[in-house]
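Take a look at the letters that make up each chain.
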Amino acid sequence: MRANSADGAGDRIAHLLQRPRRLRRTPALRRLVRETRLSVDQFVYPLFVVPGEGVERPIAAMPGQFHRSVDRVVAEAERVAALGISAVLLFGRPVAKDPVGSEASAATGAVQCAVRAIKAAAPDLAVMTDVCLCAYTDHGHCGLVRDGAIDNDASVARIVEVAVSHAVAGADVVAPSDMMDGRVGAIRRGLDAEGFAEVAILAYAAKYASAFYGPFREAADSAPAFGDRRTYQVDPANADEALREVALDLAEGADIVMVKPALTCLDVVARVKATYAVPTAAYFVSGEFAAIKAAAANGWLDERAAALEALTAIARAGADIIITYFAPDAASWLRDAGSA
Ligand code: PBG
C-alpha cells in the first residue's frame, strides 16, 4: 500500500516503524529469528529396567513406555542412540523389596546389569542412573525409616552405596533423586574414594513434592506405604527454597542440577539458570507426559504440536538438558520438521 494514498483508515497506521508481523510472514523468516532451537542433543530418555529376560510390558499410565528386561532395554537404547539421543536415565525394579532396599546396590541388580550391557552395546550413549531407594524399599520411601520417620543420615550412607554400585557398573552420571540433606557431598566423597572421580553427579536439586509423579509411581511401584514425601521434597509453593537447595548441591559438588517437574516450575528453571549459570536440567515428568497423551488420545490436543511446544518452553525457560519420555518421538519430529 502506498503511504501517501489518500483513501481510507489504513493510512493512519501506514508509517508504523515497528511491525512485529513482518518477521512472522514466512516460514524462512520465522526460522531466522527463532530464539530457542530445540535439539535432540538436549534430550535424556528415561528407561525402566526390570528383572527377567524377554520382558517388554506396557506401563498403563504412560502410553508408549515399557518395563523392559536388560536384553530389551539394550535394544531400545541402541534404537534411541541411532536417533541421535545423547543419554538415557535408568530406573530399576527389584526381584524383592526389604526395609533397606538391599537390591538397589547389588552388582546383579537390573540397573547394574543394564548399565554394563548398554555401555558394551552403545558405548557413545551417556548412561545415567537414578539413585534412590523408593522402588527397592518395602515401605516405598526414598530413604530409611526409623520410628516412623525418615532417618536422613542413615539414608545418605545407603544412597552412597547405591551410587558407587552404579559407578562400578560403568555409569557415566549418577542422579540422586532422594532429596536427603548432604547426599551430593557424600556421594562425591564416596565416588572419589573408590576411584570414580570422573563419574559426574546430576543432582535432583529442586525436586518438588508433586502430584505429577503419579504415573511414575505405578511404573516404579514406588508409592510410599505410609505418609507422603513432603518431609524431603520441596513444597510446590516455594521457589527461594529451591534456589537454596541448588546452592547446597553445587557447593557439595553437583555437576548438573535439575528442577522437577518442568512445566509447573518454569519460573524456577529460569531463576536457577540465571542465578548459577551451570548446566541445568528439567524433568518433564510422567504426569505431564500422561496429561498430553491422554488429551491427545481423546482428540483434544495435537500430541506432536503440544509436546514440541512444551519442550520448547522448557528450553526457553533455561533448561540445557530435558529429561523426557517424548525423547525418541521428539527426535523423529525434529528430524522431519521442515518449517512451522
Ligand atoms: C524417585 C523418583 C520419582 C521420579 C523420579 N525419581 C518419583 C517420586 O519422587 O515419587 C518421578 C519421575 C516422573 O514422574 O516421571 N525418587
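Description of the structure in this document. Computed from a predicted structure; not experimentally measured.

### A look at the packing of helix α9 (residues 286-297) against helix α10 (residues 303-317)
Contact pair α9 / α10: the axes reach a minimum separation of 9 Å and the direction vectors enclose 160 degrees. Considering the angle they form, α9 stands roughly antiparallel to α10. For the crossing formed where α9 meets α10, the hand is right-handed. Across the interface between the two elements, Ile292, Lys293 and Ala296 from α9 touch Glu303, Ala306, Ala307 and Ala310 from α10.

### As for a positive patch on the surface
On the surface, Arg19, Arg21, Arg22 and Arg24 cluster together into a positively charged patch. If you trace the backbone, Arg24 turns up in the segment before α1 (27-33).

### Focus on the environment of Ala200
Turning to its location among the elements, Ala200 is positioned in strand β9 (residues 200-207). Residue contacts for Ala200: discarding those within four places in its chain leaves Asp172, Val173, Val174, Arg188 and Asp255.

### A look at the site of the ligand
As a matter of local geometry, the ligand sits amid 19 residues, with Lys207, Arg217, Lys260, Ser286 and Tyr325 nearest to it. Lys260 has a polar side-chain atom sitting 3.5 Å from a nitrogen atom of the ligand. Taking 400 Å² as the accessible area of the ligand by itself, protein coverage stands at 100%. Breaking the shell around the ligand down by element, the ones donating at least two residues are β9 and α6 (214-220).

### Some remarks on the packing of aromatic side chains
Inspection of every chain in the model, using the stated rule, returns ten aromatic pairs. On the numbers, 5.5 Å between centres and 25 degrees between planes, the contact of Phe48 with Phe91 is stacked. Placement of the pair is Phe48 in strand β1 (residues 43-49) and Phe91 in strand β4 (residues 87-92), with a sequence separation of 43 residues. This pair shows no difference in class: Phe48 is buried, exactly as Phe91 is. Here the aromatic cluster, defined as three or more aromatic residues joined through ring pairs, consists of Phe48, Phe91, Tyr204, Phe216, Tyr283, Phe284, Phe289, Tyr325, Phe326 and Trp333. The lysine or arginine in question, Lys260, covers the ring of Tyr213, its NZ or CZ lying 4.4 Å from the ring centre. When the ring centre of Tyr283 is taken as reference, the NZ or CZ atom of Lys260 above it lies at 4.9 Å.

What counts and how
Starting afresh in each chain, residues are numbered from 1 along the sequence in its written order. Where totals are concerned, whole chains, interfaces and linings use all residues; where local detail is concerned, this predicted model gives features only for residues with pLDDT of at least 70, and gives and counts side-chain atom pairs only at 80 or more. As a convention, hydrogens and water are excluded, and side-chain values are obtained from all of the structure's heavy atoms. Axes here refer to lines fitted to C-alpha atoms; in helices the fit is confined to the stretch in contact. Angles between the N-to-C directions go from 0 to 180 degrees. Where helices and strands are cited, they refer to DSSP runs of H or I of at least four residues and of E of at least two residues respectively, numbered from the N terminus. Oblique is the label for every angle not falling under 35 degrees (roughly parallel), over 145 degrees (roughly antiparallel), or within 65 to 115 degrees (roughly perpendicular). Helix crossings get a hand from a simple test, with the near helix turned counterclockwise from the far one by less than a right angle marking a left-handed crossing and a clockwise turn marking a right-handed one. The criterion used for residue contact is that any of the two residues' heavy atoms lie within 4.5 Å. Patch rule: a residue counts if its relative accessible area is over 30% and it has no salt bridge; like charges are joined within 9 Å, and nonpolar side chains (Val, Leu, Ile, Met, Phe, Trp, Tyr) within 5 Å. Residue burial considers only the protein chains on display, and all accessible areas are found by Shrake-Rupley using a 1.4 Å probe. Should a side-chain nitrogen of Lys or Arg be within 4 Å of a carboxyl oxygen of Asp or Glu, the pair is scored as a salt bridge. Counted as positive: Lys and Arg. Counted as negative: Asp and Glu, with His and the chain ends omitted from the count. To locate a charge, the coordinates of NZ of Lys, CZ of Arg, CG of Asp or CD of Glu are taken. For this description, a residue counts as near a given molecule or strand if any of its non-hydrogen atoms is within 4 Å of it. Any N or O atom pair separated by 3.5 Å or less is treated as a polar contact, with the protein-specific requirement of one donor-capable and one acceptor-capable atom, and with residues adjacent in sequence counted only for side-chain atom pairs. Any two rings among Phe, Tyr and Trp, with Trp reduced to its six-membered ring, count as a pair given centres within 6.5 Å; such a pair is stacked if its planes are under 30 degrees apart, edge-to-face if over 60, and tilted if neither. Each residue gets one of three labels from its accessible area relative to the maximum for its type: buried under 20%, exposed over 50%, partly exposed in between, using a 1.4 Å probe on protein chains only. When the NZ atom of lysine or the CZ atom of arginine is within 6 Å of a ring's centre and also within 35 degrees of its normal, the charge is said to sit over that ring.

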